[in-house]
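Chain by chain, the residues run as shown.
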Amino acid sequence: MWSLYKLRRFKSLAIALALASALLYLTTYNQQFIIKNFGYLAESLRGVTEVRMATMRQNLSFFTNISTGVIPPEADAKAAEEIYHRYGSELQVICPVSKRLGNKGDGGWDMCIYSVYKPHKECLVYSFGINNDWSFDDGVVSTYNCTVRAFDPSMNATDHRRGSNIWFYNQGISGSDFVNDRGWQLRTLESYVRLFNDSEKMIDYLKIDVDFSEWSSLEAILNSTVLSKVKQFGLETHTREMSKKASSVADLVYYTGLLRRLQDAGFYRWYWHFNHFGNFVSKNSNRKLTCCFEMVFLNVNIPYVAS
């Protein structure tokens, strides 16, 4: 007769053998079940990653009746002018919440403050074209405490720091890096971002108001990758009518093409208005038009972050 101790050992051994057999069964015959379930887990995790990487494109409302922004080769001056002015004065996306920073009139700019577009801690603004009007730049600092890099070589002012957050540079923006016949140092946006070690930083607001130099600057910007780090873009455009000259069809094709490339890069216009200082009567259509639009674009490819 077995002792109670031997009986307990036998039971333990039997249980261990049973568990080993079960494990061997699962390993041998149920590999597909295990792989399948781990596959579901992998797919599930991939779905979470995709949700986290969703962009603002999925969280904004777009206008659907906008024009293509393409001037056909056969267009005459009247048709080209019509397409340019129509495309430049269309809203493409809705910003539900916005704020005016700076003057109500010339010098101030509108900022979308919806979701990720609202500046937060360590926000950064690049501001080209000051003309001794600091209302926008001061407004950015007083409202959101952003760092502002301000540029304007036309003010005859030396590099200096304005308050605690604004750095002024006696330089301007263009389509390449050079010193012009006025002795102004001009650079591309990409060059400035590298110069100030801002390449890995997000620019919360890029403002360019540089009286016709915006076109060559914009072309260089579009030919770089710097826009991927810009959340919002305020741009004043100018045509030759600003200087009492007539824009050619080639001019209008060039202007409209750059604005279309900006849209293709993910920048959609949520705000615009005429600069009424530049009103003129068109010789092509006898319509009252403007040489100058103020536009603000949202980068809809910015990653969405739930608040």
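Source: prediction; values computed, not measured.

## Some details on the overall build of the protein chain
Stage number 1. Looking only at helices and strands, the protein chain has 7 helices and 17 strands in total.
Stage number 2. The buried share of the protein chain, reckoned over its 307 residues, is 42%.
Stage number 3. Within the protein chain, contacts between residues separated by at least 24 positions form 66% of all contacts whose residues are at least 6 apart in sequence.
Stage number 4. Accessible surface, the protein chain as shown: approximately 17300 Å² in total, 55% of it carbon and sulfur.

## A few points about the packing of aromatic side chains
Here a ring pair, both rings aromatic, is described through the centre-centre distance and the interplanar angle of the planes.
Stage number 1. Across all of its chains, the model carries 23 aromatic pairs by this definition.
Stage number 2. Between Y254 and Y255 the ring centres are 6.2 Å apart and the planes differ by 55°, which places this aromatic pair in the tilted class.
Stage number 3. Aromatic rings pair up to connect Y84, F212, W215, Y254, Y255, W272, F274 and F293 into one cluster.
Stage number 4. Over the ring of Y87 we find R269; its NZ or CZ atom is 5.5 Å from the centre of that ring.

## Considerations on the environment of L235
Stage number 1. With respect to the element layout, L235 can be found in strand β13 (residues 232–238).
Stage number 2. For L235, a relative accessible area of 0% gives the class buried.
Stage number 3. Along the sequence, L235 and F293 sit 58 residues apart, while their C-alpha atoms lie 8.1 Å from each other.
Stage number 4. Each residue touching L235, except ones within four places of it in the same chain, is listed here: W109, I208, E214, L218, L259, F293, E294, M295 and F297.

## Quick look at the state of the cysteines
Two cysteines, two sulfur atoms, one covalent bond between them: this is a disulfide.
Stage number 1. Applying the stated criterion across every chain, the model contains 3 disulfides.
Stage number 2. Here C95 engages in a disulfide with C112; their sulfurs sit 2.1 Å apart. Residues C95 and C112 share a disulfide whose torsion about the S-S bond is about 95°; that sign makes it right-handed. Of this pair, C95 sits in the loop between β2 (93–94) and β3 (98–101) while C112 sits in strand β4 (residues 109–112); the two residues are 17 residues apart in sequence, bridging distant segments of the chain.

## Considerations on the sheet that holds strand β8 (residues 166–169)
Backbone hydrogen bonds are what pair the strands of a sheet, in a parallel or an antiparallel way.
Stage number 1. Judged by pairing direction, the sheet is mixed, and its 8 strands sit side by side in the order β7-β8-β6-β5-β12-β13-β17-β14 without closing on themselves. Single-partner strands in this sheet number two, and they are β7 (160–162) and β14 (267–274). Going across the sheet, the axis of each strand differs from the next one's by a mean of 20°, ignoring polarity.
Stage number 2. Pairing analysis gives 4 bridges linking strand β6 (residues 147–151) to β8, with the strands arranged parallel. Each residue of the ladder has a partner; that of V148, found in β8, is I166.

## So, the sheet that holds strand β9 (residues 172–173)
Stage number 1. Taken in spatial order, the 3 strands line up as β9-β11-β10 in an open sheet, and their pairing is mixed. Every other strand in the sheet has two partners, leaving β9 and β10 (178–179) as the edge strands with one partner each.

Parameters and conventions
Residues numbered from 1 in each chain as written. Predicted model: local features only at pLDDT ≥ 70, side-chain atom pairs only at ≥ 80, totals over all residues. Heavy atoms only, no water. Helix = DSSP H or I, 4+ residues; strand = E, 2+ residues; numbered from the N terminus. Buried < 20%, exposed > 50% of the residue type's maximum accessible area, 1.4 Å probe, protein only. Contact = heavy atoms within 4.5 Å. Areas by Shrake-Rupley, 256 points an atom, 1.4 Å probe, with all protein chains shown as cover. Phe/Tyr/Trp six-rings, centres within 6.5 Å; stacked < 30°, edge-to-face > 60°. Lys NZ or Arg CZ within 6 Å of the ring centre and 35° of its normal. Disulfide = S-S within 2.5 Å. Pairing = 2+ DSSP bridges. Axes fitted to C-alpha atoms, helices over the stretch in contact; angles between N-to-C directions.

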